[in-house]
Amino acid sequence: MMILVTYDVSFKNDGGPKRLRRMARLCQVFGQRVQYSVFEIEVDMAQWTELKNQLMGVMDPEEDSLRIYYLGSNWERKVEHIGAKKAMDLNGLLLL
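Because the structure is predicted, anything quoted here is derived from the model rather than measured.

**With respect to the environment of phenylalanine 11**
Phase 1: Within the element layout of this structure, phenylalanine 11 appears in the loop between β1 (2–8) and α1 (16–30).
Phase 2: Taking C-alpha positions, phenylalanine 11 is 8.7 Å from glutamate 63, a pair spaced 52 residues apart along the chain.
Phase 3: Sequence-distant contacts of phenylalanine 11, that is, excluding residues within four places in its chain, are made with Gly16, Pro17 and Leu20.

**A closer look at the environment of methionine 2**
Phase 1: Looking at the secondary structure, you find methionine 2 in strand β1.
Phase 2: It is 8.7 Å that separates the C-alpha atoms of methionine 2 and tyrosine 69, two residues lying 67 residues apart in sequence.

**Quick word on the pattern of salt bridges**
Phase 1: Using the criterion set out here, one finds one salt bridge in the structure.
Phase 2: Measuring nitrogen to oxygen at the nearest pair gives 2.7 Å for the salt bridge that ties aspartate 64 to arginine 19. One end of the pair, aspartate 64, is in the loop between α2 (45–58) and β4 (65–72); the other, arginine 19, is in helix α1, and 45 residues separate them in sequence. Judged on exposure class, the residue aspartate 64 and its partner arginine 19 are both buried.

**Considering the packing of aromatic side chains**
Phase 1: Applying the stated criterion across every chain, the model contains two aromatic pairs.
Phase 2: On the numbers, 6.2 Å between centres and 15° between planes, the contact of tyrosine 7 with phenylalanine 39 is stacked. Linking tyrosine 7 in strand β1 with phenylalanine 39 in strand β3 (residues 38–42), this pair joins segments that are 32 residues apart in sequence.
Phase 3: Owing to a relative accessible area of 6%, tyrosine 7 belongs among the buried residues under this scheme.
Phase 4: Of the residues examined, phenylalanine 39 reaches a relative accessible area of 0% and is grouped as buried.
Phase 5: Seen from their ring centres, tryptophan 48 and tyrosine 70 are 6.2 Å apart, and the 85° between their planes marks the pair as edge-to-face. Of this pair, tryptophan 48 sits in helix α2 while tyrosine 70 sits in strand β4, placing them 22 residues apart in sequence.
Phase 6: Note on tryptophan 48: relative accessible area 3%, which makes it buried.

Cut-offs used in this document
- Residues numbered from 1 in each chain as written.
- Predicted model: local features only at pLDDT ≥ 70, side-chain atom pairs only at ≥ 80, totals over all residues.
- Heavy atoms only, no water.
- Helix = DSSP H or I, 4+ residues; strand = E, 2+ residues; numbered from the N terminus.
- Contact = heavy atoms within 4.5 Å.
- Salt bridge = Lys/Arg side-chain N within 4 Å of Asp/Glu carboxyl O.
- Buried < 20%, exposed > 50% of the residue type's maximum accessible area, 1.4 Å probe, protein only.
- Phe/Tyr/Trp six-rings, centres within 6.5 Å; stacked < 30°, edge-to-face > 60°.

Now the structure itself:
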């Protein structure tokens, strides 16, 4: 399933920059960054449960915001991209 994850981390205290970096690193494991704090993530339910728990463990719910959009398995019809920075095909061939 495809999930769009967005977050906003407060810099009101010293821990903000560290939380911001940790949120990004967690999201990059499973998906691709499409904007500064926006990630397209394609995972199965078990992977998503683990990632969501980790993200919730990093964020400060009193200061930070995490928004999750469930696009499902037929997400290609729901996403339109216009402009630069073409998205990577998450289902395509990966060469290492």
